[in-house]
Amino acid sequence: MRGLWKLIGVQMKLYLREPAATFFTIVFAPMLLLLFGTIYGNKPEAFFGGRGMVDVSVPSYIAMIIISVGFMGIPIATAASREAGVLRRFRMTPLKPAAYILANISSYYAMTAVGVAALVLVGKVVYGMKFQGNVLSVWAGFTLGSLAFFALGYLIAGIASTARIAQAIGMIAAFPMMFLSGSAIPLEVLPQSVRNVSRFIPLTHVVTLMRGLWTGESWVKHQTEAAVLGGVLVVGIILSARFFRWE
Amino acid sequence: MAVIAVDRLHKFYGDVRAANGVTFEVNPGEIFGMVGPNGAGKTTTIECLEGLRRADEGRLSILGLDPQRQGYELRERIGVQLQESSLPDRLKVREVMGLFAAFYRRSADSEALLEQLGLAEKAGAAFGQLSGGQKQRLFIALALINDPEIVFLDELTTGLDPQARRTMWELVKGVRDRGKTVFLTTHYMEEAEELCDRVAIIDHGKIVALDTPRNLVSSLDAEERIVFSLDGPADEALFRTIPGVTRVERSGSRVIIFGRGDGLLVRVVMALDTSKIRFRDLRTEQPSLEDVFLALTGKEMRD
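The structure displayed is predicted, hence computed values, not measured ones. (Residues numbered from 1 in each chain as written. Chains lettered and ligands numbered in written order. Predicted model: local features only at pLDDT ≥ 70, side-chain atom pairs only at ≥ 80, totals over all residues.)

**Remarks on the overall build of chain B**
A count of helical and extended segments in chain B gives 11 helices and 13 strands. Principal axes of the C-alpha set define a box for chain B whose edges measure 75 × 45 × 35 Å. Taking all 303 residues of chain B together, 41% fall into the buried category. Long-range pairs, those at least 24 residues apart, make up 69% of the contacts in chain B between residues at least 6 apart in sequence. (Helix = DSSP H or I, 4+ residues; strand = E, 2+ residues; numbered from the N terminus. Buried ≥ 20, exposed ≤ 12 C-beta atoms within 10 Å, placed from the backbone. Contact = placed C-beta atoms within 7 Å.)

This is the structure we're talking about:
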(Lines give C-alpha, C1' and ligand atoms only; values in the text may rest on other atoms or scores of the structure.)
Protein backbone atom coordinates (compact mmCIF):
# COMPACT_ATOMS: atom_id res chain seq x y z
CA MET A 1 0.00 0.00 0.00
CA ARG A 2 2.83 2.35 0.95
CA GLY A 3 4.53 1.36 -2.30
CA LEU A 4 1.40 2.19 -4.29
CA TRP A 5 1.11 5.75 -2.92
CA LYS A 6 4.80 6.34 -3.31
CA LEU A 7 4.65 5.14 -6.92
CA ILE A 8 1.71 7.45 -7.70
CA GLY A 9 3.68 10.39 -6.32
CA VAL A 10 6.81 9.45 -8.26
CA GLN A 11 4.86 8.96 -11.51
CA MET A 12 3.30 12.41 -11.16
CA LYS A 13 6.69 13.97 -10.51
CA LEU A 14 8.13 12.22 -13.57
CA TYR A 15 5.20 13.45 -15.64
CA LEU A 16 5.88 17.04 -14.65
CA ARG A 17 9.57 16.61 -15.55
CA GLU A 18 8.63 15.67 -19.12
CA PRO A 19 8.26 19.03 -20.90
CA ALA A 20 6.18 17.70 -23.81
CA ALA A 21 3.77 15.85 -21.53
CA THR A 22 3.37 18.84 -19.23
CA PHE A 23 2.84 21.17 -22.17
CA PHE A 24 0.11 19.12 -23.85
CA THR A 25 -1.64 18.25 -20.59
CA ILE A 26 -1.52 21.50 -18.65
CA VAL A 27 -0.39 24.39 -20.87
CA PHE A 28 -1.76 23.73 -24.36
CA ALA A 29 -5.53 23.96 -23.71
CA PRO A 30 -5.39 27.13 -21.53
CA MET A 31 -3.06 28.65 -24.13
CA LEU A 32 -5.50 27.86 -26.92
CA LEU A 33 -8.30 29.33 -24.83
CA LEU A 34 -6.36 32.57 -24.34
CA LEU A 35 -5.59 32.70 -28.07
CA PHE A 36 -9.17 32.22 -29.28
CA GLY A 37 -10.54 34.20 -26.34
CA THR A 38 -8.41 37.15 -27.42
CA ILE A 39 -9.68 36.88 -30.98
CA TYR A 40 -13.36 36.20 -30.36
CA GLY A 41 -13.97 37.21 -26.76
CA ASN A 42 -16.77 35.56 -24.79
CA LYS A 43 -19.81 37.54 -25.96
CA PRO A 44 -23.07 35.54 -25.98
CA GLU A 45 -23.84 34.35 -29.50
CA ALA A 46 -27.17 33.06 -30.78
CA PHE A 47 -25.07 30.65 -32.84
CA PHE A 48 -23.93 28.94 -29.60
CA GLY A 49 -27.39 29.06 -27.98
CA GLY A 50 -26.74 32.26 -26.12
CA ARG A 51 -23.31 31.25 -24.89
CA GLY A 52 -19.93 32.72 -25.71
CA MET A 53 -16.97 31.18 -27.45
CA VAL A 54 -15.14 30.52 -24.17
CA ASP A 55 -18.24 29.00 -22.49
CA VAL A 56 -18.41 26.44 -25.30
CA SER A 57 -14.68 25.90 -25.67
CA VAL A 58 -13.84 25.01 -22.07
CA PRO A 59 -15.87 21.76 -21.90
CA SER A 60 -14.75 20.89 -25.47
CA TYR A 61 -11.07 21.41 -24.67
CA ILE A 62 -11.43 18.97 -21.77
CA ALA A 63 -11.86 16.27 -24.41
CA MET A 64 -8.67 17.51 -26.06
CA ILE A 65 -6.72 17.16 -22.82
CA ILE A 66 -8.14 13.67 -22.33
CA ILE A 67 -7.09 12.47 -25.76
CA SER A 68 -3.63 13.98 -25.56
CA VAL A 69 -2.97 12.07 -22.33
CA GLY A 70 -4.73 8.90 -23.52
CA PHE A 71 -3.36 8.68 -27.05
CA MET A 72 0.04 10.29 -26.69
CA GLY A 73 1.13 10.36 -23.05
CA ILE A 74 0.14 6.83 -22.08
CA PRO A 75 1.14 4.81 -25.19
CA ILE A 76 4.55 6.46 -25.58
CA ALA A 77 5.51 6.29 -21.90
CA THR A 78 4.24 2.74 -21.47
CA ALA A 79 5.94 1.38 -24.58
CA ALA A 80 9.16 3.25 -23.74
CA SER A 81 9.35 1.83 -20.20
CA ARG A 82 8.73 -1.62 -21.57
CA GLU A 83 11.37 -1.20 -24.26
CA ALA A 84 14.04 0.10 -21.89
CA GLY A 85 13.43 -2.66 -19.33
CA VAL A 86 11.92 -0.41 -16.65
CA LEU A 87 8.89 -2.67 -16.34
CA ARG A 88 11.18 -5.68 -15.91
CA ARG A 89 12.87 -4.02 -12.98
CA PHE A 90 9.55 -3.28 -11.27
CA ARG A 91 8.48 -6.87 -11.83
CA MET A 92 11.38 -8.06 -9.70
CA THR A 93 9.88 -6.37 -6.61
CA PRO A 94 6.94 -7.66 -4.55
CA LEU A 95 4.76 -4.98 -6.16
CA LYS A 96 1.80 -6.65 -7.87
CA PRO A 97 1.27 -5.89 -11.59
CA ALA A 98 -2.25 -4.63 -10.86
CA ALA A 99 -0.83 -2.17 -8.32
CA TYR A 100 1.69 -0.91 -10.84
CA ILE A 101 -1.01 -0.29 -13.43
CA LEU A 102 -3.35 1.26 -10.86
CA ALA A 103 -0.62 3.68 -9.80
CA ASN A 104 0.03 4.51 -13.42
CA ILE A 105 -3.60 5.20 -14.23
CA SER A 106 -4.08 7.21 -11.03
CA SER A 107 -1.18 9.48 -11.84
CA TYR A 108 -2.40 10.06 -15.41
CA TYR A 109 -5.87 10.73 -14.11
CA ALA A 110 -4.53 13.21 -11.57
CA MET A 111 -2.45 15.03 -14.20
CA THR A 112 -5.42 15.21 -16.57
CA ALA A 113 -7.48 16.68 -13.74
CA VAL A 114 -4.76 19.28 -13.10
CA GLY A 115 -4.94 20.20 -16.79
CA VAL A 116 -8.71 20.60 -16.59
CA ALA A 117 -8.38 22.70 -13.44
CA ALA A 118 -5.90 25.02 -15.18
CA LEU A 119 -8.25 25.38 -18.15
CA VAL A 120 -11.29 26.13 -15.97
CA LEU A 121 -9.28 28.59 -13.93
CA VAL A 122 -8.24 30.57 -17.02
CA GLY A 123 -11.82 30.49 -18.34
CA LYS A 124 -13.22 31.69 -15.06
CA VAL A 125 -10.64 34.32 -14.11
CA VAL A 126 -9.92 35.79 -17.54
CA TYR A 127 -13.29 35.42 -19.27
CA GLY A 128 -15.87 34.97 -16.51
CA MET A 129 -16.92 31.69 -18.08
CA LYS A 130 -20.48 30.49 -17.39
CA PHE A 131 -21.01 27.16 -15.67
CA GLN A 132 -24.57 25.94 -15.11
CA GLY A 133 -23.89 22.26 -14.47
CA ASN A 134 -23.58 20.06 -11.43
CA VAL A 135 -19.93 19.68 -10.39
CA LEU A 136 -20.30 16.01 -9.42
CA SER A 137 -22.07 15.18 -12.65
CA VAL A 138 -19.42 16.91 -14.74
CA TRP A 139 -16.70 15.20 -12.72
CA ALA A 140 -18.33 11.81 -13.39
CA GLY A 141 -18.45 12.57 -17.14
CA PHE A 142 -14.81 13.64 -17.12
CA THR A 143 -13.87 10.43 -15.30
CA LEU A 144 -15.78 8.19 -17.71
CA GLY A 145 -14.24 9.89 -20.75
CA SER A 146 -10.73 9.81 -19.26
CA LEU A 147 -10.80 6.15 -18.30
CA ALA A 148 -12.24 5.08 -21.65
CA PHE A 149 -9.46 6.86 -23.54
CA PHE A 150 -6.76 5.70 -21.11
CA ALA A 151 -7.84 2.10 -21.76
CA LEU A 152 -7.41 2.72 -25.51
CA GLY A 153 -4.01 4.26 -24.77
CA TYR A 154 -2.82 1.09 -23.02
CA LEU A 155 -4.18 -0.90 -25.95
CA ILE A 156 -2.04 1.15 -28.36
CA ALA A 157 1.00 0.54 -26.13
CA GLY A 158 0.27 -3.20 -26.13
CA ILE A 159 -0.10 -3.44 -29.91
CA ALA A 160 2.90 -1.27 -30.81
CA SER A 161 6.21 -3.11 -30.80
CA THR A 162 8.27 -0.02 -29.94
CA ALA A 163 7.79 3.42 -28.40
CA ARG A 164 8.26 5.08 -31.81
CA ILE A 165 5.47 3.02 -33.30
CA ALA A 166 3.27 3.76 -30.29
CA GLN A 167 3.93 7.45 -30.83
CA ALA A 168 3.07 7.22 -34.52
CA ILE A 169 -0.19 5.32 -33.91
CA GLY A 170 -1.18 7.69 -31.10
CA MET A 171 -0.57 10.84 -33.14
CA ILE A 172 -2.22 9.53 -36.29
CA ALA A 173 -5.30 8.58 -34.27
CA ALA A 174 -5.36 11.65 -32.04
CA PHE A 175 -5.02 14.61 -34.40
CA PRO A 176 -7.89 13.86 -36.80
CA MET A 177 -10.05 13.03 -33.79
CA MET A 178 -9.20 16.33 -32.12
CA PHE A 179 -10.29 18.34 -35.14
CA LEU A 180 -13.25 16.25 -36.28
CA SER A 181 -14.82 15.71 -32.86
CA GLY A 182 -15.54 19.32 -32.04
CA SER A 183 -12.96 19.34 -29.28
CA ALA A 184 -10.64 21.83 -30.96
CA ILE A 185 -13.18 23.55 -33.23
CA PRO A 186 -16.87 23.68 -32.20
CA LEU A 187 -19.01 21.24 -34.19
CA GLU A 188 -21.37 24.12 -35.05
CA VAL A 189 -18.82 25.69 -37.38
CA LEU A 190 -18.06 22.42 -39.18
CA PRO A 191 -19.97 21.55 -42.38
CA GLN A 192 -22.72 18.93 -42.20
CA SER A 193 -20.65 16.37 -44.13
CA VAL A 194 -17.92 16.52 -41.47
CA ARG A 195 -20.48 16.31 -38.70
CA ASN A 196 -21.82 13.10 -40.22
CA VAL A 197 -18.36 11.58 -39.83
CA SER A 198 -17.99 13.04 -36.33
CA ARG A 199 -20.77 10.86 -34.98
CA PHE A 200 -18.56 7.81 -35.45
CA ILE A 201 -15.60 9.25 -33.58
CA PRO A 202 -15.55 8.25 -29.89
CA LEU A 203 -14.09 11.60 -28.84
CA THR A 204 -17.16 13.40 -30.20
CA HIS A 205 -19.17 11.69 -27.48
CA VAL A 206 -16.85 13.06 -24.82
CA VAL A 207 -17.34 16.56 -26.28
CA THR A 208 -21.12 16.23 -26.49
CA LEU A 209 -21.34 14.80 -22.97
CA MET A 210 -19.10 17.45 -21.41
CA ARG A 211 -20.81 20.33 -23.20
CA GLY A 212 -24.22 19.00 -22.19
CA LEU A 213 -23.35 18.39 -18.54
CA TRP A 214 -21.63 21.79 -18.45
CA THR A 215 -24.92 23.55 -19.19
CA GLY A 216 -26.81 21.50 -16.61
CA GLU A 217 -28.30 18.80 -18.82
CA SER A 218 -28.91 15.48 -17.11
CA TRP A 219 -27.29 12.11 -17.85
CA VAL A 220 -30.73 10.88 -19.00
CA LYS A 221 -30.41 13.13 -22.02
CA HIS A 222 -26.96 11.68 -22.74
CA GLN A 223 -27.62 7.97 -22.65
CA THR A 224 -26.05 7.49 -26.08
CA GLU A 225 -22.79 9.14 -25.01
CA ALA A 226 -22.76 7.23 -21.73
CA ALA A 227 -23.39 3.93 -23.53
CA VAL A 228 -20.73 4.55 -26.21
CA LEU A 229 -18.08 5.64 -23.73
CA GLY A 230 -19.00 2.84 -21.31
CA GLY A 231 -18.66 0.39 -24.21
CA VAL A 232 -15.28 1.84 -25.23
CA LEU A 233 -14.14 1.55 -21.61
CA VAL A 234 -15.17 -2.11 -21.24
CA VAL A 235 -13.81 -3.19 -24.63
CA GLY A 236 -10.69 -1.09 -24.05
CA ILE A 237 -10.01 -2.76 -20.70
CA ILE A 238 -10.54 -6.26 -22.09
CA LEU A 239 -8.33 -5.67 -25.15
CA SER A 240 -5.61 -3.76 -23.33
CA ALA A 241 -5.39 -6.51 -20.70
CA ARG A 242 -5.20 -9.04 -23.52
CA PHE A 243 -2.37 -7.21 -25.32
CA PHE A 244 -0.47 -5.92 -22.30
CA ARG A 245 3.16 -7.09 -22.17
CA TRP A 246 5.86 -6.62 -19.53
CA GLU A 247 8.63 -7.33 -22.03
CA MET B 1 20.94 -26.74 4.21
CA ALA B 2 21.11 -25.33 0.67
CA VAL B 3 19.49 -21.94 0.07
CA ILE B 4 19.06 -22.70 -3.63
CA ALA B 5 18.31 -26.21 -4.86
CA VAL B 6 17.82 -26.86 -8.56
CA ASP B 7 16.96 -30.34 -9.73
CA ARG B 8 16.97 -31.20 -13.44
CA LEU B 9 15.90 -27.79 -14.72
CA HIS B 10 14.81 -27.82 -18.37
CA LYS B 11 13.83 -24.81 -20.45
CA PHE B 12 13.20 -25.01 -24.17
CA TYR B 13 12.77 -22.25 -26.70
CA GLY B 14 11.36 -24.12 -29.66
CA ASP B 15 14.08 -26.60 -30.55
CA VAL B 16 16.73 -24.84 -28.51
CA ARG B 17 17.44 -26.42 -25.14
CA ALA B 18 18.51 -23.35 -23.18
CA ALA B 19 18.65 -25.34 -19.94
CA ASN B 20 19.01 -29.07 -20.33
CA GLY B 21 18.88 -30.80 -16.97
CA VAL B 22 20.70 -28.22 -14.86
CA THR B 23 21.22 -29.51 -11.30
CA PHE B 24 23.09 -27.81 -8.45
CA GLU B 25 22.82 -26.50 -4.92
CA VAL B 26 24.03 -23.23 -3.42
CA ASN B 27 25.16 -23.04 0.20
CA PRO B 28 24.37 -20.12 2.49
CA GLY B 29 27.00 -17.40 2.61
CA GLU B 30 28.91 -18.37 -0.52
CA ILE B 31 29.48 -16.61 -3.81
CA PHE B 32 28.31 -19.13 -6.37
CA GLY B 33 29.16 -18.37 -9.97
CA MET B 34 27.78 -19.77 -13.17
CA VAL B 35 30.21 -19.27 -16.04
CA GLY B 36 29.97 -20.09 -19.69
CA PRO B 37 29.91 -18.44 -23.09
CA ASN B 38 27.01 -16.30 -24.26
CA GLY B 39 24.02 -18.50 -24.99
CA ALA B 40 25.16 -21.33 -22.70
CA GLY B 41 22.06 -21.06 -20.52
CA LYS B 42 23.25 -18.81 -17.68
CA THR B 43 20.62 -16.11 -18.03
CA THR B 44 17.87 -18.67 -18.61
CA THR B 45 18.86 -20.42 -15.38
CA ILE B 46 19.09 -17.23 -13.29
CA GLU B 47 15.78 -15.93 -14.67
CA CYS B 48 14.05 -19.19 -13.78
CA LEU B 49 15.45 -18.86 -10.25
CA GLU B 50 14.18 -15.27 -9.99
CA GLY B 51 10.74 -16.32 -11.21
CA LEU B 52 10.98 -14.18 -14.35
CA ARG B 53 10.70 -17.30 -16.50
CA ARG B 54 8.85 -20.53 -15.90
CA ALA B 55 10.85 -23.74 -16.05
CA ASP B 56 9.48 -26.35 -18.46
CA GLU B 57 10.61 -29.20 -16.24
CA GLY B 58 12.48 -29.69 -13.01
CA ARG B 59 12.23 -28.59 -9.40
CA LEU B 60 13.46 -25.27 -8.09
CA SER B 61 13.56 -24.24 -4.48
CA ILE B 62 14.88 -20.89 -3.33
CA LEU B 63 14.83 -20.36 0.45
CA GLY B 64 12.36 -23.25 0.43
CA LEU B 65 10.00 -21.34 -1.89
CA ASP B 66 8.77 -22.06 -5.40
CA PRO B 67 9.67 -19.05 -7.56
CA GLN B 68 6.50 -19.37 -9.63
CA ARG B 69 3.84 -20.14 -7.02
CA GLN B 70 5.39 -18.14 -4.17
CA GLY B 71 6.99 -15.42 -6.27
CA TYR B 72 5.84 -12.43 -4.23
CA GLU B 73 6.96 -13.97 -0.95
CA LEU B 74 10.29 -14.83 -2.55
CA ARG B 75 10.82 -11.33 -3.94
CA GLU B 76 10.57 -9.94 -0.41
CA ARG B 77 13.64 -11.99 0.49
CA ILE B 78 15.87 -11.85 -2.58
CA GLY B 79 17.63 -9.02 -4.38
CA VAL B 80 18.02 -9.01 -8.15
CA GLN B 81 20.24 -7.22 -10.62
CA LEU B 82 19.02 -7.95 -14.13
CA GLN B 83 21.22 -8.12 -17.20
CA GLU B 84 18.91 -5.82 -19.11
CA SER B 85 16.82 -3.33 -17.24
CA SER B 86 16.49 0.38 -16.79
CA LEU B 87 14.82 3.13 -14.79
CA PRO B 88 13.10 6.34 -15.87
CA ASP B 89 15.82 8.77 -17.00
CA ARG B 90 14.44 11.69 -15.02
CA LEU B 91 14.13 9.82 -11.73
CA LYS B 92 16.79 10.90 -9.23
CA VAL B 93 18.99 8.39 -7.43
CA ARG B 94 17.57 9.25 -4.00
CA GLU B 95 14.00 8.96 -5.34
CA VAL B 96 14.77 5.57 -6.88
CA MET B 97 15.98 4.30 -3.50
CA GLY B 98 12.99 5.73 -1.63
CA LEU B 99 10.53 4.28 -4.14
CA PHE B 100 11.97 0.78 -4.15
CA ALA B 101 12.34 0.75 -0.38
CA ALA B 102 8.59 1.37 -0.16
CA PHE B 103 7.85 -1.82 -2.11
CA TYR B 104 9.26 -4.08 0.62
CA ARG B 105 8.19 -4.96 4.15
CA ARG B 106 11.80 -4.71 5.26
CA SER B 107 14.26 -2.19 3.98
CA ALA B 108 17.92 -1.37 4.46
CA ASP B 109 19.19 2.15 5.15
CA SER B 110 19.33 3.67 1.68
CA GLU B 111 21.69 6.52 2.59
CA ALA B 112 24.15 3.98 3.99
CA LEU B 113 23.83 1.83 0.85
CA LEU B 114 24.53 4.78 -1.42
CA GLU B 115 27.53 5.61 0.75
CA GLN B 116 28.90 2.04 0.52
CA LEU B 117 28.44 1.94 -3.23
CA GLY B 118 30.09 5.30 -3.75
CA LEU B 119 26.91 6.97 -4.94
CA ALA B 120 26.34 9.37 -2.04
CA GLU B 121 27.47 12.34 -4.13
CA LYS B 122 25.12 11.28 -6.91
CA ALA B 123 22.02 11.08 -4.71
CA GLY B 124 20.54 14.17 -6.38
CA ALA B 125 21.49 13.17 -9.94
CA ALA B 126 18.97 11.82 -12.43
CA PHE B 127 19.33 8.20 -13.52
CA GLY B 128 19.84 9.27 -17.14
CA GLN B 129 22.91 11.34 -16.18
CA LEU B 130 24.77 8.45 -14.53
CA SER B 131 27.68 6.64 -16.20
CA GLY B 132 27.45 2.93 -17.00
CA GLY B 133 29.37 1.99 -13.86
CA GLN B 134 27.25 4.27 -11.68
CA LYS B 135 24.03 2.81 -13.09
CA GLN B 136 25.36 -0.67 -12.39
CA ARG B 137 26.21 0.30 -8.81
CA LEU B 138 22.74 1.77 -8.38
CA PHE B 139 21.26 -1.54 -9.55
CA ILE B 140 23.36 -3.32 -6.92
CA ALA B 141 22.07 -0.85 -4.31
CA LEU B 142 18.52 -1.71 -5.44
CA ALA B 143 19.31 -5.41 -5.19
CA LEU B 144 20.30 -4.81 -1.55
CA ILE B 145 17.54 -2.39 -0.57
CA ASN B 146 15.35 -5.04 1.07
CA ASP B 147 18.29 -6.48 3.04
CA PRO B 148 17.88 -9.75 1.08
CA GLU B 149 19.12 -13.20 2.01
CA ILE B 150 20.22 -14.02 -1.54
CA VAL B 151 21.46 -11.59 -4.17
CA PHE B 152 21.27 -12.50 -7.87
CA LEU B 153 23.69 -10.73 -10.18
CA ASP B 154 23.42 -11.37 -13.91
CA GLU B 155 26.50 -10.37 -15.94
CA LEU B 156 27.34 -7.72 -13.41
CA THR B 157 30.50 -6.35 -14.98
CA THR B 158 29.75 -6.68 -18.69
CA GLY B 159 30.53 -3.41 -20.38
CA LEU B 160 32.60 -2.01 -17.51
CA ASP B 161 36.24 -1.01 -17.77
CA PRO B 162 38.81 -3.13 -15.85
CA GLN B 163 39.09 -0.58 -13.04
CA ALA B 164 35.32 -0.46 -12.48
CA ARG B 165 35.21 -4.25 -12.69
CA ARG B 166 37.73 -4.63 -9.85
CA THR B 167 35.74 -2.15 -7.74
CA MET B 168 32.62 -4.20 -8.40
CA TRP B 169 34.37 -7.41 -7.29
CA GLU B 170 35.27 -5.81 -3.97
CA LEU B 171 31.65 -4.73 -3.53
CA VAL B 172 30.37 -8.25 -4.16
CA LYS B 173 32.86 -9.71 -1.68
CA GLY B 174 31.63 -7.13 0.81
CA VAL B 175 28.06 -8.34 0.26
CA ARG B 176 29.11 -11.91 1.00
CA ASP B 177 31.08 -10.81 4.04
CA ARG B 178 27.87 -9.34 5.44
CA GLY B 179 26.45 -12.86 5.48
CA LYS B 180 24.48 -12.87 2.26
CA THR B 181 24.52 -15.55 -0.40
CA VAL B 182 25.45 -14.38 -3.88
CA PHE B 183 24.48 -16.14 -7.10
CA LEU B 184 26.12 -14.63 -10.15
CA THR B 185 26.62 -15.33 -13.81
CA THR B 186 29.55 -14.17 -15.87
CA HIS B 187 31.30 -14.93 -19.10
CA TYR B 188 34.62 -13.68 -17.75
CA MET B 189 36.68 -16.63 -16.48
CA GLU B 190 39.04 -14.40 -14.50
CA GLU B 191 36.03 -12.87 -12.76
CA ALA B 192 34.79 -16.31 -11.70
CA GLU B 193 38.28 -17.28 -10.56
CA GLU B 194 38.82 -14.10 -8.57
CA LEU B 195 35.38 -13.74 -7.05
CA CYS B 196 33.58 -17.04 -6.63
CA ASP B 197 33.80 -19.55 -3.81
CA ARG B 198 32.36 -22.18 -6.12
CA VAL B 199 31.92 -22.19 -9.87
CA ALA B 200 29.60 -24.13 -12.15
CA ILE B 201 30.78 -24.24 -15.75
CA ILE B 202 27.81 -24.40 -18.10
CA ASP B 203 27.85 -25.15 -21.81
CA HIS B 204 24.93 -25.95 -24.12
CA GLY B 205 22.50 -25.83 -21.20
CA LYS B 206 24.39 -28.39 -19.12
CA ILE B 207 26.71 -28.06 -16.15
CA VAL B 208 30.00 -29.65 -17.19
CA ALA B 209 31.94 -29.01 -13.97
CA LEU B 210 31.21 -27.67 -10.50
CA ASP B 211 33.79 -27.02 -7.78
CA THR B 212 35.98 -24.34 -6.23
CA PRO B 213 38.10 -22.53 -8.83
CA ARG B 214 41.26 -23.99 -7.24
CA ASN B 215 39.97 -27.56 -7.39
CA LEU B 216 38.76 -27.11 -10.95
CA VAL B 217 42.19 -25.92 -12.02
CA SER B 218 44.10 -28.61 -10.13
CA SER B 219 41.76 -31.33 -11.39
CA LEU B 220 42.98 -30.47 -14.85
CA ASP B 221 46.48 -31.58 -13.83
CA ALA B 222 47.64 -29.05 -16.38
CA GLU B 223 51.27 -28.12 -16.82
CA GLU B 224 52.76 -24.90 -15.63
CA ARG B 225 54.60 -22.97 -18.32
CA ILE B 226 57.89 -21.13 -17.93
CA VAL B 227 58.61 -18.78 -20.80
CA PHE B 228 61.84 -16.87 -21.52
CA SER B 229 64.09 -15.66 -24.29
CA LEU B 230 67.69 -16.77 -24.72
CA ASP B 231 70.45 -14.20 -25.05
CA GLY B 232 72.96 -16.59 -26.57
CA PRO B 233 73.41 -20.16 -27.68
CA ALA B 234 72.08 -22.97 -25.51
CA ASP B 235 71.38 -26.64 -25.78
CA GLU B 236 67.74 -27.29 -25.05
CA ALA B 237 68.47 -30.94 -24.22
CA LEU B 238 69.75 -29.55 -20.93
CA PHE B 239 66.24 -28.36 -20.00
CA ARG B 240 64.73 -31.79 -20.55
CA THR B 241 66.92 -33.22 -17.82
CA ILE B 242 65.50 -30.89 -15.15
CA PRO B 243 63.23 -32.88 -12.77
CA GLY B 244 59.53 -32.14 -13.36
CA VAL B 245 59.94 -30.86 -16.91
CA THR B 246 57.64 -32.67 -19.33
CA ARG B 247 58.50 -31.02 -22.60
CA VAL B 248 60.26 -28.07 -24.15
CA GLU B 249 59.22 -25.94 -27.09
CA ARG B 250 61.59 -23.62 -28.86
CA SER B 251 61.20 -21.18 -31.67
CA GLY B 252 64.24 -19.05 -32.37
CA SER B 253 65.44 -17.56 -29.09
CA ARG B 254 62.11 -18.12 -27.38
CA VAL B 255 61.78 -21.14 -25.07
CA ILE B 256 58.72 -22.56 -23.34
CA ILE B 257 59.29 -25.17 -20.67
CA PHE B 258 56.27 -27.24 -19.63
CA GLY B 259 56.32 -29.04 -16.33
CA ARG B 260 54.71 -29.98 -13.05
CA GLY B 261 55.43 -29.93 -9.37
CA ASP B 262 56.42 -27.40 -6.71
CA GLY B 263 59.74 -25.71 -7.19
CA LEU B 264 59.81 -26.13 -10.95
CA LEU B 265 60.63 -22.48 -11.45
CA VAL B 266 63.49 -22.58 -8.95
CA ARG B 267 65.00 -25.66 -10.59
CA VAL B 268 64.79 -24.12 -14.06
CA VAL B 269 66.38 -20.85 -12.97
CA MET B 270 69.15 -22.70 -11.12
CA ALA B 271 69.88 -24.85 -14.15
CA LEU B 272 70.14 -21.75 -16.31
CA ASP B 273 72.43 -20.11 -13.79
CA THR B 274 74.80 -23.04 -13.27
CA SER B 275 75.11 -23.55 -17.04
CA LYS B 276 75.81 -19.82 -17.45
CA ILE B 277 73.03 -19.47 -19.97
CA ARG B 278 71.99 -15.86 -20.45
CA PHE B 279 68.24 -15.23 -20.62
CA ARG B 280 65.70 -12.42 -20.29
CA ASP B 281 61.93 -11.78 -20.02
CA LEU B 282 61.30 -14.84 -17.91
CA ARG B 283 57.74 -15.35 -16.73
CA THR B 284 55.52 -18.21 -15.62
CA GLU B 285 52.01 -19.02 -16.78
CA GLN B 286 49.74 -20.89 -14.40
CA PRO B 287 46.80 -22.92 -15.68
CA SER B 288 43.56 -21.01 -15.13
CA LEU B 289 39.82 -21.58 -15.39
CA GLU B 290 40.23 -20.59 -19.01
CA ASP B 291 42.27 -23.80 -19.52
CA VAL B 292 39.65 -25.79 -17.59
CA PHE B 293 36.97 -24.48 -19.90
CA LEU B 294 39.06 -25.25 -22.96
CA ALA B 295 39.75 -28.78 -21.73
CA LEU B 296 36.09 -29.47 -20.90
CA THR B 297 34.42 -27.98 -23.94
CA GLY B 298 37.15 -28.03 -26.54
CA LYS B 299 36.74 -24.36 -27.30
CA GLU B 300 38.13 -21.01 -26.30
CA MET B 301 36.04 -18.98 -23.89
CA ARG B 302 37.09 -15.58 -25.19
CA ASP B 303 34.73 -13.82 -27.56
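**Thoughts on the confidence of the model for chain B**
All names here are of chain B. Averaged over all residues, the pLDDT of chain B equals 90, while 99% of them reach at least 70. Of all the helices and strands in chain B, helix H9 (residues 237-240) carries the lowest mean pLDDT, 84, while helix H3 (residues 93-102) carries the highest, 96. For this predicted complex, the interface score ipTM comes out at 0.87, while the overall pTM is 0.85. (pLDDT = per-residue confidence, 0-100.)

**Points about the sheet that holds strand E5 (residues 78-81) of chain B**
Within a beta sheet, neighbouring strands are joined by backbone hydrogen bonds and run either parallel or antiparallel to one another. All names here are of chain B. One open sheet accounts for six strands, arranged E5-E6-E7-E3-E8-E9; its pairing is mixed. A strand with exactly one partner marks an edge of an open sheet, and here the two such strands are E5 and strand E9 (206-211). Within this sheet the neighbouring strands show an average axis-to-axis angle of 15°, counted without direction. Here four bridges tie strand E3 (residues 31-35) to strand E8 (residues 198-203), and the two strands are oriented parallel to one another. Bridge assignment links Gly33 to a residue of E8, and that residue is Val199. Across the sheet, helix H5 (residues 132-144) is in contact with E5 and strand E6 (150-154); its angle to E5 comes to roughly 165°. Along the sheet, helix H6 (residues 162-177) makes contact with E3, E6 and strand E7 (181-186), crossing E7 at roughly 150°. (Pairing = 2+ DSSP bridges. Axes fitted to C-alpha atoms, helices over the stretch in contact; angles between N-to-C directions.)

**As for the interface of chain B and chain A**
The interface of chain B with chain A comprises 20 residues on the first partner and 17 residues on the second. For the side of chain B that touches chain A, the secondary structure elements donating two or more residues are helix H2 (71-77) and H3 of chain B. Per element, the largest residue contribution to the side of chain B that touches chain A is five residues, and it comes from H3 of chain B.

**Points about H3 of chain B**
For H3 of chain B, the tally of buried residues reaches eight of 10 residues, placing the bulk of the element in the interior. All of the buried residues in H3 of chain B are Val93, Glu95, Val96, Met97, Leu99, Phe100, Ala101 and Ala102 of chain B. Looking at the packing, one finds that the buried side of H3 of chain B touches helix H1 (2-16) of chain A together with helix H4 (110-116) and H5 of chain B.

**Brief notes about the packing of helix H3 (residues 53-84) of chain A against helix H9 (residues 202-214) of chain A**
Residue and element names in this part refer to chain A. The geometry of H3 relative to H9 is characterised by a closest axis approach of 8 Å and an angle of 145° between their N-to-C directions. For the pair H3 and H9, the sense of crossing is right-handed. Counted together, Val56, Pro59, Ser60, Ile62, Ala63, Ile66 and Ile67 of H3 and Leu203, Val206, Val207, Met210, Arg211 and Trp214 of H9 form the full contact between these two elements. Class assignment for the residues of the contact of H3 with H9 results in 11 nonpolar, one polar and one charged. (Left-handed = near helix turned anticlockwise from the far one by under 90°. Nonpolar A, V, L, I, M, F, W, Y, C, P; charged D, E, K, R; others polar.)

**A word on H5 of chain B**
Residue and element names in this part refer to chain B. Between its first and last C-alpha atoms H5 spans 19 Å; for 13 residues at 1.5 Å apiece the expected length is 18 Å, and the two agree. The complete set of buried residues in H5 reads Gln136, Arg137, Leu138, Phe139, Ile140, Ala141, Leu142, Ala143 and Leu144. Where H5 is buried, its residues contact E5, H3, H4, E6 and H6. (Expected span 1.5 Å × (residues − 1).)

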